[in-house]
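Here is how the chains run, residue by residue.
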Amino acid sequence: MAMGKYSRVDGKKSSGYGLTITIVLVVSLCLVGAWMFMSSWSAPTESVDFSSNQTPKDVETTTKTYFTNEESDKGSKTEETEVVTESNEEKPDPESSGEEKTEQVEEKKEFEDKNGEGDRKDGEGKSESDETKQKEKTQLEESSEENKSEDGNGTEENTEENTEKKTEESAGETEENTEKSTGDQAEITKESSSGSGAWSTQLVESQNEKKAQVSSIKWKVCNVTAGPDYIPCLDNWQAIKKLHSTKHYEHRERHCPEESPTCLVSLPEGYKRSIKWPKSREKIWYNNIPHTKLAQVKGHQNWVKMSGEYLTFPGGGTQFKNGALHYIDFLQESYPDIAWGNRTRVILDVGCGVASFGGYLFDRDVLALSFAPKDEHEAQVQFALERGIPAMSNVMGTKRLPFPGSVFDLIHCARCRVPWHIEGGKLLLELNRALRPGGFFVWSATPVYRKTEEDVGIWKAMSKLTKAMCWKLMTIKKDKLNEVGAAIYQKPMSNDCYNQRSQNEPPLCKDSDDQNAAWNVPLEACMHKVTEDSSKRGAVWPESWPERVETVPQWLDSQEGVYGKPAQEDFTADQERWKTIVSKSYLNGMGIDWSYVRNVMDMRAVYGGFAAALKDLKLWVMNVVPIDSADTLPIIYERGLFGIYHDWCESFSTYPRTYDLLHADHLFSALKKRCSLVSAMTEVDRILRPQGTFIVRDDMETIGEIEKMVKSMKWNVRMTHSKDGEGVLSVQKSLWRPTEVETVTWAIA
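Residues numbered from 1 in each chain as written. Predicted model: local features only at pLDDT ≥ 70, side-chain atom pairs only at ≥ 80, totals over all residues. Heavy atoms only, no water.

### Considerations on the sheet that holds strand β2 (residues 283-285)
Spatial ordering of the open sheet is given by β2-β4-β3, a layout of 3 strands whose pairing is antiparallel. Each having just a single partner strand, β2 and β3 (305-307) make up the two edges of the open sheet. Adjacent strand axes in the sheet meet at a mean angle of 30 degrees, parallel and antiparallel pairs treated alike. One ladder, built from 3 bridges, connects β2 with strand β4 (residues 310-312); its direction is antiparallel. Across the sheet, Trp285 pairs through a bridge with Tyr310, a residue of β4. (Pairing = 2+ DSSP bridges. Helix = DSSP H or I, 4+ residues; strand = E, 2+ residues; numbered from the N terminus. Axes fitted to C-alpha atoms, helices over the stretch in contact; angles between N-to-C directions.)

### A closer look at the nonpolar core
Counting residues in each nonpolar core, the largest one holds 120 residues, and the members touching the most others are Trp420, Phe441, Phe668 and Phe694. Examining the composition of this core, we find that 6 residues originate from one element, helix α24 (residues 677-687), more than from any other. In this structure, Trp420 is in contact with Val350, Met396, Cys413, Gly425, Leu427, Leu428, Leu431, Phe441, Trp443, Met462 and Leu465, ignoring residues within four places of it in sequence. Membership of the second largest hydrophobic core comes to 21 residues, among which are Ala324, Tyr327, Ile347 and Leu410. (Core = buried A, V, L, I, M, F, W, Y, C linked by side-chain atoms within 4.5 Å. Buried < 20%, exposed > 50% of the residue type's maximum accessible area, 1.4 Å probe, protein only. Contact = heavy atoms within 4.5 Å.)

### As for the pattern of salt bridges
Side-chain pairs of opposite charge can arise whenever the charged atoms involved come near each other. Scanning all chains against the criterion turns up 27 salt bridges. Of the charged contacts in the structure, one is a salt bridge between Arg436 and Glu638, with a shortest N-O distance of 3.1 Å. Here Glu638 lies in helix α22 (residues 633-638) and Arg436 lies in strand β9 (residues 435-444), a separation of 202 residues in the sequence. Judged on exposure class, the residue Arg436 and its partner Glu638 are both buried. Arg674 is the salt-bridge partner of Asp628, the closest N and O atoms lying 3.0 Å from each other. Placement of the pair is Asp628 in the loop between β13 (620-626) and α22 and Arg674 in the loop between α23 (668-671) and α24, with a sequence separation of 46 residues. Judged by its relative accessible area of 41%, Arg674 falls in the partly exposed class. Connected through salt bridges with shared partners, the residues Asp409, Arg436, Arg548 and Glu638 form a single ionic network. (Salt bridge = Lys/Arg side-chain N within 4 Å of Asp/Glu carboxyl O.)

### Describing the sheet that holds strand β8 (residues 408-414)
Taken in spatial order, the 7 strands of this open sheet run β7-β6-β5-β8-β9-β11-β10, and their pairing is mixed. Edge positions in the open sheet fall to β7 (391-393) and β10 (472-479), since each of these has one partner strand only. For this sheet the average axis-to-axis angle between neighbouring strands, irrespective of direction, equals 20 degrees. Bridge count between strand β6 (residues 367-372) and β7: 3 bridges; the pairing is parallel. Its bridge partner being in β7, Ala372 is matched across the sheet by Ser393. Sheet strands touched by helix α13 (residues 324-334): β8, β9, β10 and β11 (484-490). Its angle to β10, the strand with the most contacts, is close to 135 degrees. Those strands touched by helix α18 (residues 453-468) are β9, β10 and β11, and its axis lies near 175 degrees from that of β9.

### Thoughts on the environment of Met590
With respect to the secondary-structure elements, Met590 resides in the loop between α20 (567-586) and β12 (599-602). Between the C-alpha atoms of Met590 and Leu729, which are 139 residues apart in sequence, the distance is 9.9 Å.

### Side note on the pairing of strand β5 (residues 346-350)
Within β5, 5 of the 5 residues are buried, leaving the element largely enclosed by the surrounding structure. Of the two faces of β5, both are covered, the one formed by Val346, Leu348 and Val350 as well as the one formed by Ile347 and Asp349. Bridging between β5 and β6 involves 5 bridges; their strand directions are parallel. The partner of Ile347 across the bridge, within β6, is Ala368. Read from β5 through helix α14 (residues 356-361) to β6, the crossover connection turns out right-handed. (Right-handed = clockwise from strand over helix to strand, strands pointing away.)

### So, the packing of aromatic side chains
Any pair of aromatic rings gets described here by the distance separating the centres and the angle formed by the planes. A full pass over the atoms with the stated rule returns 26 aromatic pairs. Seen in terms of ring centroids, Trp443 and Trp459 are 6.1 Å apart; in terms of plane orientation they differ by 5 degrees. Their pairing is stacked. With Trp443 in strand β9 and Trp459 in helix α18, this pair connects stretches of sequence that are 16 residues apart. Each ring, one from Trp648 and one from Phe652, has its centre 5.7 Å from the other, and the planes form 15 degrees; the classification is stacked. When sorted by exposure, Trp648 lands in the same class as Phe652, which is buried. Over the ring of Trp277 we find Arg598; its NZ or CZ atom is 3.5 Å from the centre of that ring. (Phe/Tyr/Trp six-rings, centres within 6.5 Å; stacked < 30°, edge-to-face > 60°. Lys NZ or Arg CZ within 6 Å of the ring centre and 35° of its normal.)

### Section: the pairing of strand β14 (residues 643-646)
Of the two faces of β14, the one holding Gly643 and Tyr645 and the one holding Ile644 and His646 are both buried throughout. Bridge count between β13 and β14: 4 bridges; the pairing is parallel. Across the sheet, residue Pro626 finds its bridge partner in β14, namely His646.

### Notes on the state of the cysteines
Under the criterion given, the structure shown has 6 disulfides. Here Cys649 pairs with Cys675 through a disulfide, and the sulfurs are 2.1 Å apart. Linking Cys649 and Cys675, the disulfide has an S-S dihedral of approximately -85 degrees and is accordingly described as left-handed. One end of the pair, Cys649, is in the loop between β14 and β15 (659-665); the other, Cys675, is in the loop between α23 and α24, with 26 residues separating them in the sequence. Of the residues examined, Cys649 reaches a relative accessible area of 18% and is grouped as buried. With its disulfide-bonded cysteines labelled consecutively along the sequence, the protein is connected as 1-4, 2-3, 5-6, 7-8, 9-10, 11-12. (Disulfide = S-S within 2.5 Å.)

### Comments concerning α18
Between the first and last C-alpha of α18 there are 23 Å, a value that for 16 residues agrees with the 22 Å anticipated at 1.5 Å per step. Buried within α18 we find Asp455, Ile458, Met462, Leu465, Thr466 and Ala468. Around the axis of α18, the buried residues are gathered within 155 degrees of arc, so they sit on the same side. Seen from the open side of α18, the exposed residues pointing more than 90 degrees away from its buried face are Glu453, Lys460, Lys464 and Lys467. At its buried positions, α18 is contacted by α16 (426-434), β9, α17 (446-449) and β11. Just downstream of α18 lies Cys470, where phi reads positive at about 70 degrees. (Expected span 1.5 Å × (residues − 1). Arc of directions from axis to C-beta.)

### Notes on α16
Counting buried positions along α16 yields 8 of 9 residues, so the element is predominantly enclosed. Next to the buried residues of α16 lie β5, β8, β9, α18 and α19 (496-500).

### Notes on the confidence of the model for the protein
Confidence in the prediction of the protein, expressed as mean pLDDT, is 79, and 70% of residues score 70 or more. In the predicted structure, residues 1-15 sits below a pLDDT of 50 and forms 4 contacts with residues beyond four places in sequence or in another chain. (pLDDT = per-residue confidence, 0-100.)

### A short note on unusual backbone geometry
A cis geometry characterises the amide bond from Glu505 onward to Pro506, with omega recorded as -5 degrees. Looking at where Pro506 falls in the secondary structure, it is placed in the loop between α19 and α20. In the segment running from Trp545 into Pro546, the intervening peptide bond is cis, with an omega of 10 degrees. Along the polypeptide, Pro546 turns up in the loop between α19 and α20. Positioned with a positive phi, Glu483 is a non-glycine residue whose angle comes to about 60 degrees. Mapping Glu483 onto the fold places it in the loop between β10 and β11. The backbone of Asn520 sits at a positive phi, close to 60 degrees, despite the residue not being glycine. By the secondary structure assignment, Asn520 is in the loop between α19 and α20.

This is the structure in structure tokens:
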């Protein structure tokens, strides 16, 4: 009866018994609460209930001070397990919480826990550490400390290749897994586990939402008229059809859509990995660029020919049917001061065809950036890039070329089909802007050596125009073998001629006109004065190659550098930093087969240090200076390298699958504040070749977002590393394409 009485919830009881029971219950609850609090404080990683979008990697954000050498020994197994389980929820382990009472038990749990997190007792310390990192991320954008911290880490980058699950298309590939058994390796192994995504203890609601959107991406293949050759800003048919005129090749200029596409470009049927350089200069796989029109109309000029499963390139061109090397030597003999690979290092080839001229200039230590429009000469620039020759799609139209002023040592036009003499010489004046004072213009075209009425008329108009521009005709020579001729002009190095002209035609540009302003700037028929002050850029010719690449430009002396120090110190520090990173990490620690790397892009070049560090390899680097970054592109040209301005919120003017390696140093953390990171990664996928390498250096939050996206595209994560809130990610693109299709209406002709 007593049991029945006391077990009743609403029964009558004496006040003494009730008070006793109440006290016992209160004390018990307090003891249980205290025990639960101490248990949760000592083992936070096993008592937290993770949300569905958190993975085991999401909670592994600590510094290397939490790890021992023993942990580094099991690092590769840890990461291999994480690749398999990372999309699953982390389940709390009710049996293990509260058991960490001795070091022996902690050690046992550490090795039993597949995520290697069982020994972490300092949960609060981890949260504080992450808060510090978040503060750093908000303070380090485009700043000196962000880059200096990377500089300090460059020599310590012990790297590791993760054994990733291979996609069906790349199943035959063998992936290296290299480890260094040092204390830092534990840091790399452990912190690479956190590289995949959300730091949920710190994220604000907007950041959580962005990550949720990233994790829910459902990729589709673009259905567009251009198919596998799709270039969003050049294939915007909706905008092209609305143009009022195409007289100045407006239809060949960039017309970017209001919203960048987020679908993936398809692969040509039978696509294969590109042939290695230098064999690629002579032949490429037909299936990679299955276009035959150019072979049919230009085969007799030795541009390109069909040969079984290959497209072959005999090395000819319209002006050099008997080979580019003979033509290159002919120009040198015509005017020896050109001095290929010595005085003349960086040149621009206008209307390049398949770029054989630029392709064979590599034999003379010359970098030629070739461009031509995407026009009826089907895939000419695409052929050039597949061959491993620097090229881009562009046109002499209504806007300035995307280069600074006074940077090219020589500009070449061989039957480039540009009417230089019309409309006040507006197009030739644009070349004058880009040409370095004292630089040469080589014009190899029929008006130079033919005597038809039309050719004679053009020659007279060109002679009048070039004289008014103060260009000096240095020589005219004829190539008997190819039955062509070339006229070589030189731009003045002083303003004497400009000041002595009887007529101001073409006019000099206003003093307020910045010759380096080149992004979407309309053309003007005017000339900029040359710099005569020896302390300014352009007044003195750069050092000869190869000394030029490591020489600090004297005109930097009075300027402040991008990273806050005097510019010359900045330049030197940046150069040494990239030498260290490239030699100790990129060349030896990432498992990259550099024999397959020919076309390289630095998506956010500063002083060109990354490209300079690769100068001894048989490759070339397109240095891109984003339009919202410090304008350091003139410095890059001064070093004997080349590059271009670009806005990464838009597509790049190149064909799909044209780069073997893309490198992005602190680009995306700034970019995602202006535009969609998903669109930017869609563009990365478009221009990177299958089995190509993508290296990202950025803050850990951005690295995590990018890693999630590339994994959703079935790319293979080769290495991750993080330290002090900064991370490095190296991934290899796969051949995977989605099965679903998305029609891009404005890209349908």
